[in-house]
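# Structural characterization, general
Here are the chains, one letter per residue:
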Amino acid sequence: MGQPPHILVVDDHAQIRESVTRYLVKNGMRATAAKDAADMDAKLAAGHFDLVVLDVMMPGEDGLSVCRRLAAEGAVPVIMLTALGEEPDRIAGLEIGADDYLSKPFNPRELLARIRSVLRRSSRSESLAGKLAGRKVRFEHLVLDTDRQILVDDEQGEIPLTDSEFRLLIVMLERARMVLSRDQLLDLTAGRTAGPLDRTIDNQISRLRRKIEPDVLRPRIIRTVRNGGYCLATDVEEEG
């Protein structure tokens with residue numbers, strides 16, 4: 001069986017976001033809370049989420065602006081939370097790309113039902129390449145052909161990748177120069193949490209390094225960050 005869906009609850013009201021996350025976890029989902037748009041962006045960058053529950057009225061960037069950004073990226077479904085009677089907000093949310101909306105105060109059972117409904121509608125299979133699908137991406141002496149799932153070096157030698165190696169490389173290319181912990185990498189590549197002795201990511205990094213590093217004993221493309229995790233320490237650009 002697959003991992004339970006991971007829901008990001010974005011609301012500046014602490015009691016609401018904490019009670020919603022607890023309820024979702026109690027009902028078989030994974031849930032993470034964010035207090036505002038900046039907190040949401042940080043969590044989206046560091047982990048994989050299947051749906052965002054997003055409050056309209058937040059300090060700083062409001063929910064409608066956030067929804068517009070998320071809809072433009074097309075990466076994750078959104079359910080908007082609106083104040084009771086604020087019909088213009090509900091209409092605006094749907095017009096800019098929200099998948100559903102719910103008025104406050106709401107019954108958590110209804111929110112859960114709406115989440116499940118949206119997830120069913122959006123359960124289309126996702127390309128392993130994510131946002132890089134259909135592109136060729138250059139880093140260091142290598143070009144990744146995301147359609148063929150193959151690396152090509154400057155001598156035109158082809159380096160095939162397994163699905164797990166390909167997904168790990170995609171995750172790191174999308175977050176170049178960002179330090180990612182083992183837990184974050186496992187969440188982003190497999191949608192699960194690491195156990196205390198889980199060496200999955202270390203083993204995948206080791207295999208990937210053997211394919212891309214000029215000197216495996218002195219890796220400079222994928223660097224180990226002490227007490228931090230791993231970092232793709234190079235610039236990434238799309239090939240024309």
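Scroll up to find the structure.
Read on for an overview of the structure. Just so it is clear, the structure is predicted and the values come from calculations on it, not from any experiment.

Core analysis: the biggest nonpolar cluster contains 27 residues, and F139, L144, L151 and I222 have the highest contact counts within it. The set of elements that each furnish at least two residues to this core consists of β6 (136-139), β7 (142-145), α6 (163-174), α7 (182-190), α8 (200-212) and β11 (229-232). Ranked by the residues each element gives to this core, the list is headed by α6, at 7 residues. Once you skip the residues sitting within four places of it in the chain, L151 turns out to touch F139, L142, V143, L144, G157, E158, I159, L161, L169 and I212. By size, the runner-up hydrophobic cluster in this structure holds 18 residues, among which are V10, A37, V52 and V66.

The subject of this paragraph is α6. The terminal C-alpha atoms of α6, which comprises 12 residues, lie 16 Å apart, in line with the 16 Å expected from a rise of 1.5 Å per residue. Summarising burial for α6: 9 of the 12 residues are buried, a large majority. Along α6, the residues classified as buried are E165, F166, R167, L168, L169, I170, V171, M172 and L173.

Geometrically, the link from K104 to P105 is a cis peptide bond, its omega value of -10 degrees lying close to zero. We note that E140 has phi near 50 degrees; this positive angle belongs to a residue other than glycine. Counting through the fold element by element, E140 comes out in the loop between β6 and β7. Taking the relative accessible area as the measure of exposure, E140 reaches 30% and is therefore partly exposed. In this model, N227 sits at a positive phi of 60 degrees, which is unusual for a non-glycine residue. As for its placement among the helices and strands, N227 is situated in the loop between β10 (222-225) and β11.

Definitions and cut-offs
- Residues numbered from 1 in each chain as written.
- Predicted model: local features only at pLDDT ≥ 70, side-chain atom pairs only at ≥ 80, totals over all residues.
- Heavy atoms only, no water.
- Core = buried A, V, L, I, M, F, W, Y, C linked by side-chain atoms within 4.5 Å.
- Buried < 20%, exposed > 50% of the residue type's maximum accessible area, 1.4 Å probe, protein only.
- Helix = DSSP H or I, 4+ residues; strand = E, 2+ residues; numbered from the N terminus.
- Contact = heavy atoms within 4.5 Å.
- Expected span 1.5 Å × (residues − 1).

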